[in-house]
There are 2 protein chains.
Amino acid sequence: MDKSQIVTKIIGSPKNPVKEKGRAFAPTNIALCKYWGKRNEKINLPLNPSLSISMGDLGTKTVVSMSDKEDQVFLNGEYLDPSNSFTTRLQTYLDLYRPSPNTFFQVHTENNIPTAAGLASSASGFAALVLALNDLFGWNLEQRNLSILARIGSGSASRSIYEGFVTWHAGEREDGMDSYAEPLEVRWPEFRVGTLTLSTEQKKVGSRSGMRLTKETSSLYQGWPDKARFDFNLLQEAITHKDFSQLGRVSEGNALTMHATMIGAWPPLLYWLPESVAHMHKIWELRESGVPVYFTMDAGPNLKLLFLAETQSILEENFPKMKVVVPF
Amino acid sequence: MDKSQIVTKIIGSPKNPVKEKGRAFAPTNIALCKYWGKRNEKINLPLNPSLSISMGDLGTKTVVSMSDKEDQVFLNGEYLDPSNSFTTRLQTYLDLYRPSPNTFFQVHTENNIPTAAGLASSASGFAALVLALNDLFGWNLEQRNLSILARIGSGSASRSIYEGFVTWHAGEREDGMDSYAEPLEVRWPEFRVGTLTLSTEQKKVGSRSGMRLTKETSSLYQGWPDKARFDFNLLQEAITHKDFSQLGRVSEGNALTMHATMIGAWPPLLYWLPESVAHMHKIWELRESGVPVYFTMDAGPNLKLLFLAETQSILEENFPKMKVVVPF
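Below or above, wherever it landed, is the structure these notes cover. Each residue is numbered by its place in its chain's sequence as written, counting from 1. Chains carry letters and ligands carry numbers; both start at the beginning, A for chains and 1 for ligands, and go up in the order they are written. The predicted nature of this model means local features are confined to residues of pLDDT at least 70 and side-chain atom pairs, given and counted, to a pLDDT of 80 or more, with totals for whole chains, interfaces and linings taken over all residues. With hydrogens and water stripped out, all remaining heavy atoms of the structure feed into the side-chain values.

Residue and element names in this part refer to chain B. Of all 13 residues that make up strand S1 (residues 21-33), ten are buried, and the element is covered over most of its length. By the bridge criterion, eleven bridges tie S1 to strand S4 (residues 50-67) in an arrangement that is antiparallel. Counted as the bridge partner of proline 27 is glycine 59 from S4. Exposed residues in this analysis have more than 50% of their type's maximum accessible area, buried residues have under 20%, and partly exposed residues fall in between, with area computed by a 1.4 Å probe over protein chains only. Under the scheme used here, helices are H or I runs from DSSP no shorter than 4 residues and strands are E runs no shorter than 2 residues, and both carry numbers assigned from the N terminus. DSSP-based pairing: two strands are paired if at least 2 bridges between them are found.

Laid out in structure tokens, this is it:
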């Protein structure tokens, strides 16, 4: 089963556009139960279910249209050289949707999140592209099929199709047709995410190869899939009951456990900077002093604080550089 | 099976001293394959075998004699109040050896290592005490029995009975009579350990409770005992063939994996300070640039560098505060 077979299953053979421009926005998302390890690398099938919160209006706006001569990709208004890795990754993905080998796309992508700042722009990027293609070609697809198409672009993009809390089912099928994301029907207007950007440097090891290295070399990875399934259930329960303390504990423990699997890899994979550890200790001290604040981290050095509206001002005092996101 | 039954098995019933003063020195040791997790907390039986290097003349010198009225403990020449936790821990241990309930000990202990600096003083402390008691009472015990007596005082003390590289067998018996340490017959005069003391503050969570918390709450701990057994064998092989690169890789990976099991515990147990992480990155950079240097860490924030004599000067340049230990 490869990507083109999945696309054929979902949209049939590629058709011509039904309008001049397809447009869409997709939010980036932060996983509270992490996607870490694949059972199929070709079509991004995960070993464990994951759960995320979409970042409101932080994300990617994409406009896609047909082009005469060649694929043209613009990122934040700037034309990208065809050799740019972002362009080549998009082109490979767009190959799946060309009505004929000689049709080309023009893609305008606007991110309002700092690229590579630990807020995944590939998640919202691929989700917005799929939504824009759906608009351009008039597929009128169900959301779970859009989620699958986004997933084959970038795993975590499957979740960026939706707002709010989102679950991504690991699935069991080899063709991955049961591995899609769905939204949870809970609105939690008091929920906040605070991003602390400690470094915007490009990571030495991307999350794709980090996952692979960990799965192949870390003797602790064996404990991960069960832990993630357990956390996935606890988080759904916490969200349903709006139990912030449970949500916080499980999210922080899940993120740290993911990082621990990497620290047990060889060569060791440590995304943390000294400042990451300084912030962890500061958060733990605040929590010991009675402030209900937790954190999560993706495969990078940056922390994302999890808290409720009532705690926002005390946290802004303690972390003056924190940017607050209101997901609902 | 409790401690007193073990002592009875080894020395019979307590006897009177054969001389006025028993004297001994025992080196502290650093585990390259860590002791992390107990199968029996009462008599310190480990879940996995471990392997260490003794720290040459860094350790504890102990003189023990009988006392008229009460136990008296002197640490580095200073009389300790009977309520001091070090004194009470020693007294409980000495209860095992009193010829009668009304006999008391005077213990003079001199450590030439900074207490609580991440160089275990309890390892050399209990080993030196057992050796001094052996001298005082004229037990003439075999070394493996001395190792067992040291083990019931403090697990890692079982290894401090010996110089050089030392293996501690996990054993399988419930009475722990097969859980003792033995020296490896390899001298490696070029082998060096560099200690970097980043903090001498007393740890918030001691290794005894850290082990327990990790075993009970970390979903990654399940991968540890097998990993440790695997590393234990690889390290013996590396030492036998004086394969420094293998020794370094396995030791560093083992230490990081132990820390990773703690990071996966709840509440998270992170002994690292920002400076610990800064030093890790520095060591990895040096290694990438071609310098064969690795590190190990115990349950604390301090790093111990592992290298060979030929690399000493370049490392002293890079780590001006490093103290170099020559184990052979």
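Now, onward.
It is worth spelling out the interface of chain A and chain B at this point. Where interface size is quoted, it is often the accessible area lost as the parts come together. With 30 residues of chain A at the contact, the number on the chain B side is 30 residues. Here chain A and chain B share an interface that buries about 2,400 Å² over both sides, 74% of which is from carbon and sulfur atoms. Buried area: the accessible area, evaluated with a 1.4 Å probe, that two parts lose upon being put together, summed over both parts. Its largest share of buried area at the contact with chain B, chain A owes to Leu220, Trp266 and Leu270 of chain A, together 24% of the area lost on that side. Criterion for a salt bridge: a side-chain nitrogen of Lys or Arg within 4 Å of a carboxyl oxygen of Asp or Glu. At the junction of chain A with chain B, the criterion picks out zero salt bridges. Between N or O atoms, a polar contact is any pair within 3.5 Å; within protein, one atom must be a potential hydrogen donor and the other a potential acceptor, and residues adjacent in sequence are included only when both atoms are from side chains. Run the count over chain A and chain B and you get two residue pairs in polar contact (both at pLDDT 80 or more). Elements represented by at least two residues in the side of chain A that touches chain B include exactly helix H6 (224-240), helix H7 (244-263) and helix H8 (274-288) of chain A. Ten residues, namely Ala, Val, Leu, Ile, Met, Phe, Trp, Tyr, Cys and Pro, are considered nonpolar, four, namely Asp, Glu, Lys and Arg, are considered charged, and the remaining ones, Gly among them, are considered polar. Of the residues contributing to the side of chain A that touches chain B, the split by class is 16 nonpolar, eight polar and six charged. Contacts were defined at the residue level, with two residues in contact if any of their heavy atoms lie within 4.5 Å.

Here the focus is empty space enclosed by the protein. Residues and elements named next belong to chain B. Both site types are read off a 1 Å grid over the protein atoms alone. A 1.4 Å probe that fits but cannot get out defines a cavity, while an open set with protein on both sides within 12 Å along at least five of seven lines defines a pocket; lining residues have an atom within 4 Å of a point. Grid points are joined across faces, edges and corners, and a volume is the space filled by probe spheres set on the points. Counted by the stated rule, this structure contains two cavities of 30 Å³ or more. The space that makes up the largest cavity amounts to roughly 40 Å³. The wall of the largest cavity is formed by Gly37, Lys38, Glu41, Arg208, Met211, Arg212 and Lys215. A breakdown of the residues in the lining of the largest cavity according to their chemical character gives one nonpolar, one polar and five charged.

Burial analysis of helix H4 (residues 143-153) of chain A places nine of its eleven residues in the buried class, the great majority of the element. For H4 of chain A, the complete set of buried residues consists of Asn145, Leu146, Ser147, Ile148, Leu149, Ala150, Arg151, Ile152 and Gly153 of chain A.

Moving on, we get to the pattern of salt bridges. Two side chains with opposite charge may pair up if their charged atoms get near one another. Residues and elements named next belong to chain A. In total, this model carries 24 salt bridges over all chains according to the counting rule given. Of the charged contacts, one joins aspartate 298 and lysine 34 as a salt bridge, the two residues approaching to 2.7 Å between their closest N and O atoms. Of this pair, aspartate 298 sits in the loop between strand S11 (294-296) and strand S12 (303-308) while lysine 34 sits in the loop between strand S1 (21-33) and strand S2 (38-40), and the two are 264 residues apart along the sequence. With respect to burial, aspartate 298 and lysine 34 carry one shared label: buried. Glutamate 252 is the partner of arginine 287 in a salt bridge, and the nearest nitrogen-oxygen pair spans 2.6 Å. Taken as a pair, arginine 287 in helix H8 and glutamate 252 in helix H7 lie far apart in primary sequence, 35 residues in all. Looking at glutamate 252, the relative accessible area reads 0%, which means it is buried.

With that settled, the discussion passes to the sheet that holds S12 of chain A. Residues and elements named next belong to chain A. The strand order across the open sheet built from four strands is S11-S12-S10-S13, with neighbouring strands paired in antiparallel fashion. The open sheet has two edge strands with one neighbour each: S11 and strand S13 (323-325). On average, each strand axis in the sheet is inclined to that of its neighbour by 30°, with strand direction left out of account. Taken together, the three bridges between S11 and S12 define a ladder with antiparallel strand orientation. Note that in S12 the partner of phenylalanine 295 across the bridge is leucine 305. Only the stretch in contact is used when fitting a helix axis, every axis being a line fitted to C-alpha atoms; angles between N-to-C directions are given from 0 to 180 degrees. Helix-sheet contacts for H7 involve strand S10 (191-196), S11 and S12, and the interaxial angle to S11 is about 40°. Against the sheet, H8 makes contact with S10, S11 and S12, and its axis sits at roughly 15° relative to S12, the strand it touches most.

The next thing to look at is the sheet that holds strand S11 (residues 294-296) of chain B. Residue and element names in this part refer to chain B. Strand order in this open sheet of four strands is S11-S12-S10-S13, and the pairing throughout is antiparallel. The sheet is open, and its two edges are formed by S11 and strand S13 (323-325), each paired on a single side. For this sheet, the mean inter-axis angle between neighbouring strands, taken without regard to orientation, is 30°. Running at roughly 40° to S11, helix H7 (residues 244-263) makes contact with strand S10 (191-196), S11 and strand S12 (303-308) of the sheet. Its contacts with the sheet put helix H8 (residues 274-288) on S10, S11 and S12, and the angle it makes with S12 is roughly 15°.

Each copy of the sequence occupies a distinct position, and chain A is placed on chain B by a rotation of 180° and an axial shift of 0.0 Å, giving an RMSD of 0.0 Å. With respect to symmetry, the two chain copies, as superposed, fit the operation of a two-fold axis. When the interface residues of chain A are mapped onto chain B, 100% of them again lie at the interface, so the same face is used by both copies. Overlaid copies result from least-squares superposition on C-alpha atoms, with residues included only where pLDDT is at least 70 in both.

So, about unusual backbone geometry. Of the consecutive residues tryptophan 266 of chain A and proline 267 of chain A, the connecting peptide bond is found in the cis state with omega at -5°. Although it is not a glycine, asparagine 44 of chain A sits at a positive phi angle of roughly 50°. In this fold, asparagine 44 of chain A is placed in the loop between S2 and strand S3 (45-46). Its identity is not glycine, yet lysine 242 of chain B carries a phi of approximately 45°, on the positive side. Its location among the elements puts lysine 242 of chain B in the loop between helix H6 (224-240) and H7. For lysine 242 of chain B, a relative accessible area of 39% corresponds to the partly exposed category.

When two rings of Phe, Tyr or Trp (its six-membered ring) have centres within 6.5 Å they constitute a pair, described as stacked for plane angles under 30 degrees, edge-to-face for angles over 60, and tilted for the intermediate range. In this structure the tally under the stated criterion is 29 aromatic pairs over all chains. Taking the centre distance of 5.5 Å and the plane angle of 45° together, the rings of phenylalanine 165 of chain B and phenylalanine 328 of chain B count as tilted. One end of the pair, phenylalanine 165 of chain B, is in strand S8 (residues 165-168); the other, phenylalanine 328 of chain B, is in the segment after S13, and 163 residues separate them in sequence. On the accessibility criterion, phenylalanine 165 of chain B (0% relative accessible area) is buried. Pairwise contacts between aromatic rings join Tyr93, Tyr97, Phe105, Phe126, Phe137 and Trp139 of chain A into one cluster. If you follow lysine 282 of chain A out to its NZ or CZ, it ends over the ring of phenylalanine 319 of chain A, 4.7 Å from the centre. Here, a charge over a ring is recorded when the distance from Lys NZ or Arg CZ to the ring centre is within 6 Å and its angle to the ring normal is within 35 degrees.

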